[in-house]
Amino acid sequence: MRSVFSRQLTWLLAVAMLVSLSACGFALRGPVSFPFKSIYIGLSDGSSLGGELKRQIRANGQTQITAEAKDAEVILDVLSETREKQILSLNSQGRVREYNLLYNFRFRLRNAVGKEYLEPVTVQLKRTITFNEAQVLAKESEEALLYRDMQSDLVQQIMRRLSVVKMDQ
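Residues numbered from 1 in each chain as written. Predicted model: local features only at pLDDT ≥ 70, side-chain atom pairs only at ≥ 80, totals over all residues. Heavy atoms only, no water.

Undergrad: What am I meant to see in the packing of helix α2 (residues 48–59) against helix α3 (residues 136–163) here?
TA: If you want to describe how two helices pack, look at the angle between their axes and the distance between the axes. Two elements in contact, α2 and α3, have axes whose closest approach is 10 Å; the angle formed by their N-to-C orientations is 45 degrees. In terms of axis orientation, α2 runs oblique to α3. When you trace α2 past α3, the crossing you get is right-handed. On α3, the residues that touch Ser48, Leu49, Glu52, Leu53, Gln56 and Ile57 of α2 are Gln151, Ser152, Leu154, Val155, Gln156, Ile158 and Met159. Of the residues in the contact of α2 with α3, the class split is 7 nonpolar, 5 polar and 1 charged. (Axes fitted to C-alpha atoms, helices over the stretch in contact; angles between N-to-C directions. Helix = DSSP H or I, 4+ residues; strand = E, 2+ residues; numbered from the N terminus. Parallel < 35°, antiparallel > 145°, perpendicular 65-115°, else oblique. Left-handed = near helix turned anticlockwise from the far one by under 90°. Contact = heavy atoms within 4.5 Å. Nonpolar A, V, L, I, M, F, W, Y, C, P; charged D, E, K, R; others polar.)

Undergrad: In this structure, what is going on with the sheet that holds strand β5 (residues 116–130)? I would like to understand it.
TA: One key point about sheets: their strands pair by backbone hydrogen bonds, in either a parallel or an antiparallel sense. Taken in spatial order, the 5 strands of this open sheet run β2-β1-β3-β4-β5, and their pairing is mixed. Where the open sheet ends on each side, the last strands, each with one partner, are β2 (64–65) and β5. Examined bridge by bridge, strand β1 (residues 38–41) and β2 share 2 bridges and lie parallel to one another. Within β2, the residue paired with Ser38 across the bridge is Gln64. Set on the sheet, α2 makes contact with β1, β2, β3 (74–90) and β4 (96–110); between it and β1 the angle comes to about 175 degrees. (Pairing = 2+ DSSP bridges.)

Undergrad: Whenever I open this one, the pattern of salt bridges confuses me. Can you help?
TA: Where charged atoms from two side chains of opposite charge come close, those side chains can pair. This model, assessed by the stated rule, comprises 9 salt bridges. With its nearest N and O atoms 2.9 Å apart, the salt bridge here joins Lys85 to Glu143. Here the residue Lys85 occupies a position in strand β3, and Glu143 occupies one in helix α3, the gap between them amounting to 58 residues. Judged by its relative accessible area of 18%, Glu143 falls in the buried class. The partner of Glu133 in a salt bridge is Arg95, with the nearest N and O atoms 3.5 Å apart. A residue pair is termed long-range when its members are at least 10 positions apart, and Glu133 in the loop between β5 and α3 and Arg95 in the loop between β3 and β4 qualify at 38 residues. Assessed through its relative accessible area of 47%, Glu133 is described here as partly exposed. A cluster of three or more residues bridged by salt bridges with shared partners is formed by Asp77, Arg108, Arg110 and Glu116. (Salt bridge = Lys/Arg side-chain N within 4 Å of Asp/Glu carboxyl O. Buried < 20%, exposed > 50% of the residue type's maximum accessible area, 1.4 Å probe, protein only.)

Here's what the structure looks like:
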């Protein structure tokens with residue numbers, strides 16, 4: 001009798017969990033749609049950030065990336081892009097134990113005559129990395145990996161901000 005009751009209880013809990021998951025509104029993020037048809041991105045093709053951003057915009061299939069600013073409906077101006085490494089903590093011998101990696105990006109969105117659709121926006125991303133003198137090469141690789149991760153995060157934040165721009169201002 002006890003095992004029948006525990007099986008029924010397990011089944012009931014499983015059904016309750018499935019129902020609660022379906023009712024929470026969870027849905028995968030779909031393709032991003034922009035309120036403009038063409039864009040010029042002020043990043044060089046050799047830039048890894050520029051390449052990733054252009055790939056993401058092309059992936060939506062609705063927005064064209066132009067080679068010349070005068071041909072685009074909107075222009076994404078890159079005002080600054082910096083990477084910094086700050087000491088976060090020291091050990092008892094005064095050697096670095098942790099760093100803060102900072103990635104700052106500032107941009108704006110305007111049209112060819114200078115009307116701003118998105119005033120200058122600053123996005124700052126931060127990651128913490130531990131440091132060990134015995135593992136210098138591994139830590140350099142980890143740092144590069146963290147910067148790539150921050151770059152991907154930055155591209156997603158730019159995409160979200162571009163998707164909510166009001167063009168009728």
